[in-house]
Each structure stands twice: as C-alpha cells, then as structure tokens.
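# Overview (structure and organization)
The chain contents come next:
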Amino acid sequence: DAGITQSPRHKVTETGTPVTLRCHQTENHRYMYWYRQDPGHGLRLIHYSYGVKDTDKGEVSDGYSVSRSKTEDFLLTLESATSSQTSVYFCAISELQGEDYGYTFGSGTRLTVV
Amino acid sequence: DAKTTQPNSMESNEEEPVHLPCNHSTISGTDYIHWYRQLPSQGPEYVIHGLTSNVNNRMASLAIAEDRKSSTLILHRATLRDAAVYYCILREDSNYQLIWGAGTKLIIKP
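Residues numbered from 1 in each chain as written. Chains lettered and ligands numbered in written order. Predicted model: local features only at pLDDT ≥ 70, side-chain atom pairs only at ≥ 80, totals over all residues. Heavy atoms only, no water.

### Brief notes about the sheet that holds strand 8 (residues 73-78) of chain A
Residue and element names in this part refer to chain A. Reading across the sheet, the four strands line up as 1-3-8-7 and stay open at both edges, with antiparallel pairing between neighbours. Two strands lie at the open edges of the sheet, namely strand 1 (4-7) and strand 7 (64-70), each paired on one side alone. Taking the axes of each pair of neighbouring strands and ignoring which way they run, one obtains an average angle of 20 degrees across the sheet. In terms of strand pairing, strand 1 meets strand 3 (residues 19-25) through four bridges, oriented antiparallel. When the bridges of strand 3 are listed, Ile4 appears paired with Gln25. (Pairing = 2+ DSSP bridges. Helix = DSSP H or I, 4+ residues; strand = E, 2+ residues; numbered from the N terminus. Axes fitted to C-alpha atoms, helices over the stretch in contact; angles between N-to-C directions.)

See the structure below:
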C-alpha cells in the first residue's frame, strides 16, 4: 500500500467519552489531513498539519483537536464524543514543494458513537 | 470557495469509453483540478489532476476547457473495476485544501 495506515479501523464508543484516532505514514510527507465522510456526501476537512507541531482548522473543526509531535503521526481527538460525530474518518498525506501533487488516503476509521 | 458540479450518476457499458463531466465556473486562475475515485468501503484514490493543459496518465485522461470553467475525466475503456464514485475537486492554491462535492456514481454494465 501507499504507506499510510489508520487505527483503529472500527470503533464503537459511548457519548461523552474521549476518543483518539491515529494516522501513521512512512512516506515522510509534510502535509497530513483529517477528513470525515457522512453518507451520500463528499469529504469534509476537519484539521490539517503542515509540519511537526504546525496545525490548522478545517471547515468542521468544532469538537475535534489534533496533534502532530512527529512527522509520521497525526492524531485526531474527540474530546467528548457526540452522536453527530458518528462518521467515517479518513487521513490523507501529501507533499507540496512548489508544485501540485496528488493526495494519498488511508483506508478509513468507522466510528460509531452510541 | 470555488465549487464543482457533477451529475449524481452515470451508466456506461463495459469496455467502452466513459466521459465524466464537471463544471467549476467559479474556478480561480491558480486552482488545480483534481479527480479522485472511491470504491465501496475504501478511501479515495487519486486519479489525475491538472491546471490548464490536458493531462494523461495510466488511469485516465483529463480534458480541461480553454476557459477552465469545466473539465472532463475520460476513462478510455471502462471495466467493472472502474465502478466507483468519482469526485471532481478544486485544490485551492491559497491554502492547499481540497473542496469536495458529492461526486458522480459511475455504474458499469457488463
């Protein structure tokens, strides 16, 4: 595969509990992204990172936080999970060096908040 | 934010060419046009991208209108494995983000 893995692949959690999803890459790419996808919709950006400890918000960042302490790992945390955060979460990586490159996506984490 | 418009679904016969249209009338001069596809229960897969000129790769061709307000993804000989949702996306040069629409569900008939 393309050197990007997400864990866990599936998770069921209770409302109000914290949840952390992990994205790990072996490509040494600078940019990493977290998206969510809901049924019948395209992906929506939650947060992204443009380097170690450099992160920024996307269009649906409320209720989520991220951390990137190493180039290879990008963590997404739901501080207190709600049912509206039930979704499929995708991590992506890219390398932008003055030109445009394609993005590589992970296989996704299916999160259910009950 | 510049947006894209695609048909909800399209059908094609196996081993025939497929032309998937996309309108992006509010595209800015520095926005790149990306195409991704997503098979059921999988993450999106990069297909092709371009800025102004037509592009070809092993998976597909991308034809971009001269005014850049529309583009067409061309699969030269569709197979059953090409059945997926195809997303036409603009990558905004200002923040490198991808703005996703709902995509086109491509159905391939044997």
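### A closer look at the interface of chain B and chain A
Frequently, the measure chosen for interface size is the accessible area that the parts lose on association. Taken together, the contacts link 18 residues of chain B with 20 residues of chain A. In total, chain B and chain A occlude about 1,500 Å² of area from one another, counting both sides; carbon and sulfur atoms represent 54% of this. Connecting chain B to chain A are four residue pairs in polar contact (both at pLDDT 80 or more). The set of elements that each furnish at least two residues to the side of chain B that touches chain A consists of strand 3 (32-38), strand 4 (45-50) and strand 8 (84-91) of chain B. With four residues, the single largest contributor to the side of chain B that touches chain A is strand 3 of chain B. For the side of chain B that touches chain A, a count of residues per class yields nine nonpolar, eight polar and one charged. (Contact = heavy atoms within 4.5 Å. Buried area = accessible area lost by both parts, 1.4 Å probe. Polar contact = N/O pair within 3.5 Å; in protein donor to acceptor, adjacent residues only side chain to side chain. Nonpolar A, V, L, I, M, F, W, Y, C, P; charged D, E, K, R; others polar.)

### A word on the pairing of strand 8 of chain A
Residues and elements named next belong to chain A. Within strand 8, five of the six residues are buried, leaving the element largely enclosed by the surrounding structure. For strand 3 and strand 8, the ladder comprises six bridges, and the chain directions are antiparallel. Bridge pairing links Cys23 to Phe74 in strand 8. In this sheet, strand 8 lies alongside strand 7 in antiparallel orientation, the contact comprising five bridges. For Lys70, the partnering residue across the bridge sits in strand 8 and is Asp73. Taking the residues that link successive antiparallel strands as the turn, the strand 7-strand 8 hairpin has two residues. (Buried < 20%, exposed > 50% of the residue type's maximum accessible area, 1.4 Å probe, protein only.)

### A word on the layout of surface pockets
Of the voids in this model, the largest pocket is the one considered here, and its volume is about 580 Å³. For the largest pocket, the lining is made up of 28 residues, of which Gln37(A), Gln38(B), Leu39(B), Pro40(B) and Ser41(B) are closest to its centre. Within the residue set of the lining of the largest pocket, elements represented by two or more residues are strand 9 (87-94) and strand 11 (109-113) of chain A together with strand 8 and strand 10 (104-109) of chain B. In terms of residue class, the lining of the largest pocket is made up of 11 nonpolar, 13 polar and four charged. Together, 14 residues line the second largest pocket, and Arg37(B), Arg58(B), Met59(B), Thr79(B) and Asp82(B) are the ones closest to its centre. (1 Å grid on protein atoms, 1.4 Å probe; cavity = no way out; pocket = protein on both sides within 12 Å on 5 of 7 lines; lining within 4 Å. Points joined across faces, edges and corners; volume = space filled by probe spheres on them.)

### Here we look at the state of the cysteines
In total, this model carries two disulfides over all chains according to the counting rule given. In this model Cys23(A) forms its disulfide with Cys91(A); the gap between the sulfur atoms is 1.9 Å. The chirality of the disulfide connecting Cys23(A) with Cys91(A) is left-handed, given an S-S dihedral of about -75 degrees. Note that Cys23(A) is positioned in strand 3 and Cys91(A) in strand 9, a separation of 68 residues in sequence. Residues Cys23(A) and Cys91(A) agree in their burial class; the two are buried. Cys22(B) shares a disulfide with Cys88(B); S-S distance 2.0 Å. Across the S-S bond of Cys22(B) and Cys88(B) the torsion is about -80 degrees, and the bridge reads as left-handed. Here Cys88(B) lies in strand 8 and Cys22(B) lies in strand 2 (residues 18-23), a separation of 66 residues in the sequence. (Disulfide = S-S within 2.5 Å.)

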